[in-house]
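Observations on the three-dimensional arrangement
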Amino acid sequence: MPLAVEAMRSHGLEPVFPQGVVAAAEAVRHAGLPRTPDLRDLRQLPWFSIDDADTRDLDQLSVVEPLADGAVRLLVAIADVDVLVPQDSAIDRHAATNTTSVYTAAGVFPMLPEVLSTDLTSLHEGQERAAVVVDMAVQADGSVGASELYRALVLNRAKLTYDDVSAWLEGKAPLPGPKDVPQLEGQLRVHDDVAMRMRRWRQQRGALEIDTVSARPVFRDGALVDLRPDERVRAKDLIADLMIAANVATARFLSAKGLPSIRRFLESPRRWDRIEALAATLGTTLPTDPDAVALQRFLAERRDADPAGFADLSLRLVKMLGPGAYVAAQPDGQDVGHFGLAASNYAHSTAPNRRYPDLVTQRLVKAAIAGRPSPYDFASLQAIAGHCTEQENRANAVERQVLKAAATFLLQGRIGDTFDAIVTGAAPKGTFVRIAQPLLEGRLVRGFEEADVGDALRVRLVALDAQQGHIDFERV
């Protein structure tokens, strides 16, 4: 943990809550949840959550109601964090500094004190909570029609996990969850169906089906023993599809109400020529200008042709697409698109316990619902968006640094071994590659000339520095 704390500080992030923030959080604990008589009472609905088994900061619940002609009413409830974290409070100011929870191999640095994020503002099973509800009509073809947003009182009936739900959907395990929620089986089946329909609708319009993997530390008796891929499972896709729909509906709601907002933006690829060249090596000719529909068609073909190699292909493509960013948008301005999601307007709103842009968006939504002016002017939103992008990049750097430091212990005694690798970064500061077993990233110190992002290489491990977390490779 000391290494992670130092990494946080060296990247301009605060690893420890200031005493004023701790005191404010304790005051909230003693005060308890505020009375909210103006909320719609939706506690009777069979709400449930799906997340990782060890997740305690639950941000969303959902429920569906079949309508006529194959349509479905989809409700996504988002934890009302703002009700206990007022704008410009001590807790809010700290959250605005880090802007995100940071998840490292040595531990988690939450954006909000845990008395809030994993307790009072978490949508725990069996606990009544205030929420902002995104209420959407999903048509039979998977398109999202009319939607509205409002505040409500909700109750999580079942805390489910990705692995358990995925295993049940694939017929490999019994129905998960408590036995006293008879609607749960039907809810899960309709959720799975509507998610797949929404996904197909988006992919037909260029939403990219990408299957990247991240490293998940594996501990045995408190010691790190491996870094394994955090596997994509069916229930993760299900939840991702629901959250995309909710985020698009939220962006549209704010525009319709005349409020500015923060959007997630991914521009058309600047390195489209590299993507063209990659597709050409696999026998596919892409248009000369960026074309998301053609790219998604290529990806679907490659998934069918080479499912084992699809994750590596996805990683190469992600690196060529480049990172996303937060931007401020005027309600009557030009659409702010997200190339990878085929969405013209996309807000981050569904994780206010761990992402500051989502908490800011929640305040904007609540102001719009109440008919109040925006709590932020446009210049403030621009500054927040820029700062959140910068801090997100720093948080990612911390996570990589701590992971690499831990990974050096896994590679002890393997100097001289060779690995298949993919180039993940090529810049003046260095060229970096990722190997698959164990799943980690290191620097290419020899043979990096002409290596470019997305290239597949064979590399040899030449040096380790556990203190600095350096892992050095040379090209074979």
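Here, the structure is the one placed above.
Okay, so let's go over this structure. (Residues numbered from 1 in each chain as written. Predicted model: local features only at pLDDT ≥ 70, side-chain atom pairs only at ≥ 80, totals over all residues. Heavy atoms only, no water.)

This brings us to the overall build of the chain. If you tally the helices and strands in the chain, you get 12 helices and 18 strands. Taken over C-alpha atoms, the radius of gyration comes to 23 Å for the chain, in line with the 23 Å a tight globule of 476 residues would show. C-alpha atoms of the chain, sized along the principal axes, occupy 65 × 55 × 50 Å. When each of the 476 residues of the chain is scored for burial, the buried share is 51%. The long-range share in the chain, meaning contacts at least 24 apart out of those at least 6 apart in sequence, stands at 71%. (Helix = DSSP H or I, 4+ residues; strand = E, 2+ residues; numbered from the N terminus. Rg over C-alpha atoms; globule rule 2.2 N^0.38 Å. Buried < 20%, exposed > 50% of the residue type's maximum accessible area, 1.4 Å probe, protein only. Contact = heavy atoms within 4.5 Å.)

Running from N to C, helix α6 (residues 184-203) and helix α7 (residues 234-256) cross one another at 65°; their axes reach a closest spacing of 9 Å. Helix-helix and strand crossings are classified by hand; for α6 and α7 the assignment is left-handed. Contacts between α6 and α7 involve His191, Asp192, Ala195, Met196, Met198, Arg199 and Arg202 on the former and, on the latter, Arg234, Asp237, Leu238, Asp241, Leu242, Ile244 and Ala245. Of the residues that constitute the contact of α6 with α7, the class distribution is seven nonpolar, one polar and six charged. (Axes fitted to C-alpha atoms, helices over the stretch in contact; angles between N-to-C directions. Left-handed = near helix turned anticlockwise from the far one by under 90°. Nonpolar A, V, L, I, M, F, W, Y, C, P; charged D, E, K, R; others polar.)

Attention now moves to the pattern of salt bridges. Considering all chains together, one arrives at 31 salt bridges under this definition. Glu392 serves as the salt-bridge partner of Arg264, at 2.9 Å between the closest nitrogen and oxygen. Of the two residues, Arg264 sits in strand β12 (residues 261-265) while Glu392 sits in helix α12 (residues 378-410), which places them 128 residues apart along the sequence. The residue Arg460 makes a salt bridge to Glu474 at a minimum N-O spacing of 2.7 Å. Residue Arg460 is found in strand β17 (residues 456-465), and its partner Glu474 is found in strand β18 (residues 470-475); the two are separated by 14 residues along the sequence. The class for Arg460 is partly exposed, based on a relative accessible area of 27%. Each of Asp38, Asp80, Asp82, Asp92, Arg151, Arg363 and Lys366 takes part in one network of salt bridges that share partners. (Salt bridge = Lys/Arg side-chain N within 4 Å of Asp/Glu carboxyl O.)

By size, the foremost hydrophobic cluster in this structure holds 78 residues, and its most contacted members are Trp47, Ile50 and Tyr356. It is α7 that contributes the most residues to this core, 10 residues altogether. With 30 residues, the next largest nonpolar core counts Ala7, Ala407, Ala421 and Ile435 among its residues. (Core = buried A, V, L, I, M, F, W, Y, C linked by side-chain atoms within 4.5 Å.)

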